[in-house]
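Topology and contacts: notes
Chain by chain, the residues run as shown.
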Amino acid sequence: MINDGTVLIVDDESESLRLLTGILSAEGYHVCPADCGELALAFVRTRVPDLILLDIHMPLMDGFEVCRQLKATETSEPFR
């Protein structure tokens, strides 16, 4: 199966990140893994993904803060 959607996966657990990346990549999605909130926000500044899978419990910047910052940026208009 070929999918042209882009999925941003944000998770500080390397095993979860690797598992989800593998599953979605095998289904043909373009997957962008990020192991922290700052990396996820940097990615969204360059390209808005079709879907974000966001872990809530992360150190430094939790998923709720990532979500707040995504909603506050102009480039993330689709997330409002």
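Since the model is a prediction, treat every value here as computed from it, not as a measurement.

**Describing the sheet that holds strand β1 (residues 6–10)**
A sheet is described by the order of its strands in space; here three strands give the open sequence β2-β1-β3, paired in parallel fashion. A strand with exactly one partner marks an edge of an open sheet, and here the two such strands are β2 (30–34) and β3 (51–54). Across the sheet, the mean angle separating the axes of adjacent strands is 15° when strand polarity is ignored. Helix-sheet contacts for helix α2 (residues 37–46) involve β1, β2 and β3, and the interaxial angle to β1 is about 160°.

**Examining the pairing of β2**
Where β1 lies against β2, five bridges are found, and the strand directions are parallel. In the strand pairing of β2, leucine 8 is matched with cysteine 32. Regarding the hand of the β-α-β motif, the stretch spanning β1, helix α1 (residues 14–26) and β2 is right-handed.

**Topic: the packing of α2 against helix α3 (residues 63–72)**
The description of two packed helices rests on the angle between their axes and on the distance between the axes. At a minimum axis distance of 10 Å, the contact between α2 and α3 shows a crossing angle of 20°. Put simply, α2 runs roughly parallel to α3. Classified by chirality, the crossing of α3 by α2 is right-handed. Across the interface between the two elements, Gly37, Leu41 and Val44 from α2 touch Val66, Gln69 and Leu70 from α3. Here the residues of the contact of α2 with α3 are counted per class, giving four nonpolar, two polar and no charged.

**Looking at the environment of alanine 40**
Checked against the element boundaries, alanine 40 lands in helix α2. Under the relative-accessibility criterion, alanine 40 is labelled buried at 3%. Sequence-distant contacts of alanine 40, that is, excluding residues within four places in its chain, are made with Leu8, Val10 and Ala34.

**Quick word on the pattern of salt bridges**
Within this structure, the stated rule accounts for one salt bridge. Of the charged contacts in the structure, one is a salt bridge between arginine 68 and glutamate 65, with a shortest N-O distance of 3.1 Å. A residue pair is termed a helical-turn pair when its members lie 3 or 4 positions apart in one helix, as arginine 68 and glutamate 65 do in helix α3 at three residues. Taking the relative accessible area as the measure of exposure, glutamate 65 reaches 27% and is therefore partly exposed.

**Looking at α1**
Taking 1.5 Å per residue, 13 residues should reach 18 Å; α1 reaches 18 Å between its end C-alpha atoms and fits that length. For α1, every residue scored as buried is listed here: Leu17, Thr21 and Leu24. The arc that holds every buried residue of α1, seen down its axis, measures 75°, which confines them to one face. In α1, the exposed residues that point more than 90 degrees away from the buried face are Glu15, Arg18, Leu19 and Ala26.

Scoring rules and cut-offs
- Residues numbered from 1 in each chain as written.
- Predicted model: local features only at pLDDT ≥ 70, side-chain atom pairs only at ≥ 80, totals over all residues.
- Heavy atoms only, no water.
- Pairing = 2+ DSSP bridges.
- Helix = DSSP H or I, 4+ residues; strand = E, 2+ residues; numbered from the N terminus.
- Axes fitted to C-alpha atoms, helices over the stretch in contact; angles between N-to-C directions.
- Contact = heavy atoms within 4.5 Å.
- Right-handed = clockwise from strand over helix to strand, strands pointing away.
- Parallel < 35°, antiparallel > 145°, perpendicular 65-115°, else oblique.
- Left-handed = near helix turned anticlockwise from the far one by under 90°.
- Nonpolar A, V, L, I, M, F, W, Y, C, P; charged D, E, K, R; others polar.
- Buried < 20%, exposed > 50% of the residue type's maximum accessible area, 1.4 Å probe, protein only.
- Salt bridge = Lys/Arg side-chain N within 4 Å of Asp/Glu carboxyl O.
- Expected span 1.5 Å × (residues − 1).
- Arc of directions from axis to C-beta.

Coordinates in, geometry out; function isn't part of it.
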